[in-house]
Amino acid sequence: MKKQLPNPEIHYLTKANFKFLLDQNTYIDQLHLLKPRLKETIATLKAENFDYVIDLHNSLRSTLVKVRLGIKSSTYKKERFKKWLALKWGLNLIKPDHLVDRYLKAVSFLGVKNDYRPIDYFLPENTKPIQEILPDHYQDPFIVFIIGATHFTKRMPNEKVISLCEKIDFPIVLLGGEDVKFNAEVIFKALPKKIINLVGKISLNESVTVVKNATQVIGFDTGLTHIAEAFNKKLITIWGSTVPELLGVQPYQVEKHYEAGVVLSCRPCSKFGLSACPKGHFKCMKNINENLIIDFISHE
């Protein structure tokens, strides 16, 4: 929008906890954060006298914002019923279009078209350089393994991660949040000479810097894995209970990518992941072929 429309002013509304993803974005003129009371947020937005509102969330809250602003709007269609059919009955009627392309339909009425460039991620100028984050290893080729994910069924079991890491011929840097610190400690203790454990020890932007300097990246379906796409890294994504095509979150504009997953009648069992395998066997992660991942890592 910023590059294709004549001198547009673009404002963005999101939750406060997503501020860090957007406050360095040079394409956004002003970032608005949701206030505790929705009517306060709407009053702030009304004062801006916008010409259009583009709703990429399609929720009750975003609908209320559109109605109260009372201006021309366009909304991303979530295809909730089709997703329900896919999860409940295995009837996947959703086209495997990427979320970026689905979002772009919401601004097509403005004449905006896909430029087929990678996603962007903007690091603050004061982010530590890689030399300070990885002083002993930054010059060596290394692989980043992002072991975090919000839900259990999106994370590979520790013993499976250890088995995979044993077969990799590069130093491995583990990244993730506080929620997987215990997992990281278990994995590190199994392979202390091969693994550098930074899980829960550095900031998100420092983690992004490590990803940016990695030779290759392995990750589950989580935010940092998707941020890695911005740097066009050779990427291995590992999928358990979820499938990327359902939500359109497969890696975008990445030249070298391998999607690791298992075909099962019970998969996908969820759009976003669960706290436990509904069937109790967790085959979607346990049956992933490690050798295929290693072959992809080894192949230039």
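About the cut-offs
Residue positions are counted from 1 within each chain, in the order its sequence is given. A pLDDT threshold of at least 70 governs which residues receive local features in this predicted model, and a stricter bar of 80 or more applies before side-chain atom pairs are shown or counted, although totals over entire chains, interfaces and linings include all residues. Heavy atoms throughout the structure, all of them, feed into the side-chain values; hydrogens and water do not. DSSP calls a pair of strands paired once it identifies at least 2 bridges connecting them. Numbering of helices and strands runs from the N terminus; a helix is a DSSP stretch of H or I covering at least four residues, while a strand is a stretch of E covering at least two. Interaxial angles span 0 to 180 degrees and are taken between N-to-C directions of axes, which are lines fitted to C-alpha atoms, for helices over the stretch in contact. The contact rule is simple, with two residues in contact once any of their heavy atoms fall within 4.5 Å. Polar contacts, as counted here, are pairs of nitrogen or oxygen atoms within 3.5 Å of one another; within protein the pair requires one atom able to donate a hydrogen and one able to accept it, and residues that are adjacent in sequence qualify only if both atoms are side-chain atoms. To count toward a patch, a residue needs a relative accessible area above 30% and no salt bridge. Like charges then connect within 9 Å, nonpolar side chains (Val, Leu, Ile, Met, Phe, Trp, Tyr) within 5 Å. All accessible areas in this document rest on Shrake-Rupley with a 1.4 Å probe, and a residue is counted as covered only by the protein chains that are shown. When a carboxyl oxygen of Asp or Glu lies within 4 Å of a side-chain nitrogen of Lys or Arg, that pair is called a salt bridge. Any residue under 20% of the maximum accessible area for its type is buried, any over 50% is exposed, and the rest in between are partly exposed; the area is computed with a 1.4 Å probe on protein chains only. Angular relationships are summarised with four words: roughly parallel below 35 degrees, roughly antiparallel beyond 145, roughly perpendicular across 65 to 115, and oblique for the angles in between. Crossing handedness is read from the near helix: turned anticlockwise from the far helix by less than a right angle, it gives a left-handed crossing, and turned clockwise, a right-handed one.

Participant: For this particular structure, what's the right way to read the sheet that holds strand β6 (residues 172-175)?
Facilitator: Within a sheet, neighbouring strands are paired by backbone hydrogen bonds and run either parallel or antiparallel to one another. Strands sit in the order β7-β6-β5-β8-β9-β10 across an open sheet of six strands; the sheet is parallel. Sheet topology places β7 (195-197) and β10 (257-260) at the edges, where each strand pairs with a single neighbour. With direction set aside, neighbouring strand axes in the sheet form an average angle of 20°. Bridge count between strand β5 (residues 143-146) and strand β8 (residues 216-219): four bridges; the pairing is parallel. Across the sheet, residue V144 finds its bridge partner in β8, namely V217. Against the sheet, helix α8 (residues 181-190) touches β6 and β7, its axis set at about 150° to β7. Together, β5, β6 and β8 form the strand contacts of helix α9 (residues 204-213), whose direction differs from that of β6 by roughly 150°.

Participant: Can you help me understand the side chain of S241 in this one?
Facilitator: Within the secondary structure, S241 sits in the loop between β9 (234-238) and α11 (244-247). At 2.7 Å, the side chain of S241 and the side chain of T153 are in polar contact. The contact partners of S241, leaving out residues within four places of it in the chain, are T153, K154, R267, P268, C269, S270, G273, L274 and C284.

Participant: When you look at a nonpolar patch on the surface in this model, what are you seeing that I'm missing?
Facilitator: Together, F18, F20, L21 and L204 make up a nonpolar patch on the protein surface, roughly 310 Å² of accessible area in all. Residue position: L21 is located in helix α1 (residues 19-22). Since its relative accessible area comes to 37%, L21 is described here as partly exposed.

Participant: Teacher, can you tell me more about the environment of K35 here?
Facilitator: Here K35 lies in the loop between β2 (30-33) and α2 (38-46). For K35, a relative accessible area of 37% gives the class partly exposed. Sequence separation between K35 and R117 is 82 residues; the distance between their C-alpha atoms is 33 Å. Setting aside chain neighbours within four positions, we find K35 in contact with E40, T41 and T44.

Participant: Looking at this structure, I do not really get the pattern of salt bridges. What am I missing?
Facilitator: If charged atoms from side chains of opposite charge come close, those side chains can pair. The tally for this structure, following the rule as stated, stands at eight salt bridges. The partner of D29 in a salt bridge is K2, with the nearest N and O atoms 2.6 Å apart. With D29 in the loop between α1 and β2 and K2 in the segment before β1 (11-14), this pair connects stretches of sequence that are 27 residues apart. Of the residues examined, K2 reaches a relative accessible area of 26% and is grouped as partly exposed. The salt bridge involving K105 is made with D97; its shortest N-O contact spans 3.9 Å. Classification of K105 as exposed rests on a relative accessible area of 56%. Given a relative accessible area of 28%, D97 falls into the partly exposed group. Each of K160, K167 and E290 takes part in a single network of salt bridges with overlapping partners.

Participant: Even after reading the chapter, I still don't get the packing of α2 against helix α3 (residues 60-69), so can you show me in this structure?
Facilitator: Any two packed helices are characterised by the angle at which their axes cross and by the distance between the axes. Taken N-terminus to C-terminus, the directions of α2 and α3 make an angle of 45°; their axes are 10 Å apart at the nearest point. Considering their axes alone, α2 and α3 lie oblique with respect to each other. Of the two elements, α2 crosses α3, and the hand of that crossing is right-handed. Residues L38, I42, L45 and K46 of α2 form the contact with α3, whose participating residues are R61, L64, V65, R68 and L69.

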